[in-house]
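Inside the fold
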Amino acid sequence: MGSFNLPLLPILLLAVVAAVTGDELRTFIVHVQPHESHVFGTTDDRTTWYKTFLPEDERLVHSYHHVASGFAARLTEQELDALSAMPGFVTAVPNHVYRLLTTHTPQFLGLELPQRGRNYTSEFGEGVIIGVLDSGVYPFHPSFSGYGMPPPPAKWKGRCDFNASACNNKLIGARSFESDPSPLDQDGHGTHTSSTAAGAVVPGAQVLGQAAGTASGMAPRAHVAMYKVCGNECTSADILAGIDAAVGDGCDVISMSLGGPTLPFYEDNLAIGTFAAVEKGVFVSLAAGNDGPTDSTLSNDAPWMLTVAAGTMDRLIAAQVRLGNGSTFDGESAFQPNISTTVTYPLVYAGASSTPNASFCGNGSLDGFDVKGKIVLCDRGIVARLAKGAEVKRAGGFGMIMANQFADGYSTLADAHVLPASHVSYVAGVAIKEYINSTANPVAQIIFKGTVLGTSPAPAITSFSSRGPSIQNPGILKPDITGPGVSVLAAWPFRVGPPSTEPTFNLESGTSMSTPHLSGIAALIKSKYPDWSPSAIKSAIMTTADPDDRSGKPIVDEQYVPANLFATGAGQVNPDKALDPGLVYDIAPAEYIGFLCGMYTSKEVSVIARRSIDCSTITVIPDRMLNYPSITVMLPSTTNPTAPVVVSRTVKNVGEAPAVYYPHVDLPASVQVKVTPSSLQFTEANQAQNFTVSVWRGQSTDAKIVEGSLRWVSDKHTVRSPVSISFA
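Because the structure is a prediction, the values reported are computed rather than measured.

**Some points on a nonpolar patch on the surface**
- On the surface, Phe406, Tyr410, Tyr426, Val427, Val430 and Tyr560 cluster together into a nonpolar patch covering about 530 Å² of accessible area.
- Tracing the chain through its elements places Tyr410 in the loop between strand 20 (399-403) and strand 21 (421-424).

So this is what it looks like as structure tokens:
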């Protein structure tokens, strides 16, 4: 598959399989729980028990051992009905079908890269294993070189299903769980994400001469294991098998740049599998989704997941549009051929064609419309970005301007177009259309300016990044964090542009790209603090994030207005600060069970927990009371508006001792807040202290939601929690 066949925004997006009736065989994920007296000596014993549920052994697709109690099997509806009456059966979920969705980011995030040949310390993720669930990997890319890497930790139990020489001390494992038994990447997505997380240092990286520099993953000393769960399609049965293997193999971090429509957690096999991973001490980083900027479009929103949004960085692969009236507009394109800067070309809007929806420049839409030798203005949307340029080129056009629709605002992307092109903002597109309509002979040029660093605003939330609030648990603020996800350069298995002997890289955009940045940063923290729990690592990432951009102003969204918490989460990740957070909010796995019992029935919680749970015997933890690093409060419409809603939290000192932290509340006057006690005093390391936050209505407001932060500040640390308050 060439690079031009990629989806619009590379993230694995769920398409729920339509219900099928009759005798057709379908794959179901069947959750079962043995009687307490039933003890399995080996995984083979468990698989043998699973087969007792099936009409034939050959129907078994996957047997789960670590992160789910159950199996995937091919069954008819009638067979499933019979199976559901058997002792030990809990529930069955249809198999869902999914489809597939840097040189500069380490420096942009403030990380100093290791230099090739120097002596390494335990920095840069050393000793940590990142399991990536994706489309496979191209093992021969220098980003996966084992040069100078130590062997994997003794706990590693995985395997390499390439020829032995393809794996090494960097790429320590590669397995496939879909129909193709080879873990080789036929798409590019998995090679890109895994090298973003933990790719080796590779000098001289570039795409079509742009974004040149030294490529490196976030954790260049960490080990990578690829679990191929996507080929022609990705299914929840295969993904759950990949999580199961990654946990069993000994991965410390699991990175999944995939997702889909949000489901109740007991029906969401990603939520079920990752809950078990976190319970076993494995950190999980997942993409928020590419369905923004509409509210409540994110997925992967369980509280045990790190849910990652996507922002821009301070780099533009600049392609300027100059009109015949002298107006100029800055756009982007990775393909920057050497063309005249003096010749102008006739300019035409594809929407002027009589063909319906021609403005989107879909395949065949420009037939019968004279674009020969012209620059064609196409609207973004509906049709894949690269396919628009291909249609313009097919129809004889010289170049393309791709203009955003209103929803995408100022968010532009640097793509490897097939002809001279520039992707411009909505505002620029409106102005260009006005110019076309104002003159009989509109003309334009595209002037390539190359890679420009230090652009602003940066970061900004990009339009496609999915937004909260979470549908499944609105009492937990999601997303959690923002990472770079626009025009990210990373390893690529295929040629991009003209033939070359150089290693190939590509610029890709999506929350698929921001997620492995956070997976790598989690590996950095895990390497420094190997005993920290996944929730402590998440807390360190969230409470040290930057709510402001590089110029010190609040992070903006695609319309260049301040972004809300449902776009940014805690803010832009700051790796250096995350390695020294001062305080952490920890959550024991048992607390998630109390949280889930506040949402679901005992049977539903039992599916997630992989064991029988009786919620009547469990202390329920309301969502606002879960010891989360962010705070979400709903103020009821009550006859007593000054009645406070109380939130409690526990923080553990992981910084210097003794230390004293003082609270600072940044919220509008429409809410009143009291924090008790008035200071937190720590006399020793790992000491825990409790505090409460009481919130009640203040000055009247028409706002449905107000937001701000609670900061605990000591001489050396600021520990910041985003606060979201809604009015019923």
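**Thoughts on the sheet that holds strand 3 (residues 60-64)**
- The antiparallel open sheet is built from 4 strands, whose spatial order is 3-4-2-5. At either end of the open sheet lies a strand with only one pairing partner, and these are strand 3 and strand 5 (89-94). Put simply, the sheet's adjacent strands are angled 25 degrees from each other on average, direction ignored.
- Two strands pair when backbone bridges link them, and strand 2 (residues 26-32) and strand 5 are joined in this way by 5 bridges, in the antiparallel orientation. Residue pairing for strand 5: Val30 is matched across the bridge by Ala92.
- Contacts from helix 1 (residues 43-51) reach strand 2, strand 3 and strand 4 (70-75) within the one sheet, and its direction differs from that of strand 3 by about 135 degrees.

**A short note on the domain arrangement of the protein**
- Annotation of the protein at the domain level lists domain 1 (26-94), domain 2 (118-309 + 461-579), domain 3 (315-453), domain 4 (588-623) and domain 5 (627-727).
- Between the C-alpha centres of domain 1 and domain 5 the distance comes to 46 Å.

**Digging into the state of the cysteines**
- Here the structure, examined in full by the defined rule, presents 4 disulfides.
- Put simply, Cys230 and Cys234 are joined by a disulfide, and their sulfur atoms are 2.4 Å apart. Every disulfide takes its handedness from the sign of the S-S torsion; for Cys230 and Cys234 that torsion is 120 degrees, giving right-handed. As far as the burial class goes, Cys230 and Cys234 line up, both buried.
- Each sulfur in the disulfide pair Cys361 and Cys378 lies 2.0 Å from the other. Taking the sign of the torsion about the S-S bond as the criterion, the disulfide between Cys361 and Cys378, at about -90 degrees, is left-handed. Of the two residues, Cys361 sits in the loop between strand 18 (345-349) and strand 19 (375-379) while Cys378 sits in strand 19, which places them 17 residues apart along the sequence. Like Cys378, Cys361 is buried.
- Each bonded cysteine of the protein is numbered by sequence order, and under that numbering the disulfide pairs are 1-2, 3-4, 5-6, 7-8.

**Things to note about the nonpolar core**
- Membership of the largest hydrophobic core comes to 102 residues, with the highest contact counts inside it found for Ile254, Trp304, Ile525 and Ile541.
- Residue contributions to this core peak at 8 residues, all from helix 5 (residues 236-249).
- Counting 24 residues, the second-largest nonpolar core is a separate cluster that includes Leu583, Val633, Val647 and Phe691.

**A closer look at the pattern of salt bridges**
- Scanning the model with the defined rule gives 23 salt bridges in all.
- With its nearest N and O atoms 3.3 Å apart, the salt bridge here joins Asp180 to Lys228. Placement of the pair is Asp180 in the loop between strand 8 (171-176) and helix 4 (189-198) and Lys228 in strand 11 (residues 223-228), with a sequence separation of 48 residues.
- When salt bridges that share partners are traced, they join Glu56, Arg59 and Glu79 into one network.

What counts and what doesn't
- Residue numbering note: each chain is counted from 1, following its sequence as written.
- In view of the model being predicted, local features appear only for residues whose pLDDT reaches at least 70, and side-chain atom pairs are presented and counted only at 80 or more, with totals across whole chains, interfaces and linings using the full set of residues.
- Hydrogen atoms and water are omitted, and side-chain values are computed over all heavy atoms in the structure.
- Within this analysis, patches are made of residues with over 30% relative accessible area and no salt bridge. Like charges are joined at 9 Å or less; nonpolar side chains (Val, Leu, Ile, Met, Phe, Trp, Tyr) at 5 Å or less.
- Note on areas: these come from Shrake-Rupley sampling with a 1.4 Å probe, and a residue is covered only by the protein chains present in the view.
- Salt-bridge detection follows one rule: a side-chain nitrogen of Lys or Arg within 4 Å of a carboxyl oxygen of Asp or Glu.
- The secondary structure listing takes helices from DSSP runs of H or I that are at least 4 residues long and strands from runs of E that are at least 2 residues long, numbered from the N terminus.
- In this analysis, strands are considered paired if DSSP registers two or more bridges between them.
- To obtain each axis, a line is fitted to C-alpha atoms, and for helices this fit is confined to the stretch in contact; angles are then taken between N-to-C directions over 0 to 180 degrees.
- In what follows, a contact means two residues having at least one pair of non-hydrogen atoms within 4.5 Å.
- Throughout the structure description, domain borders are defined by an automatic or database domain assignment.
- Pairs of cysteine sulfur atoms within 2.5 Å are what we label disulfides.
- Accessibility here uses a 1.4 Å probe with only protein chains present; expressed as a share of the type maximum, an area under 20% marks a residue as buried, one over 50% as exposed, and anything in between as partly exposed.
- The definition of a nonpolar core used throughout is a set of buried Ala, Val, Leu, Ile, Met, Phe, Trp, Tyr and Cys residues joined through side-chain atoms within 4.5 Å.

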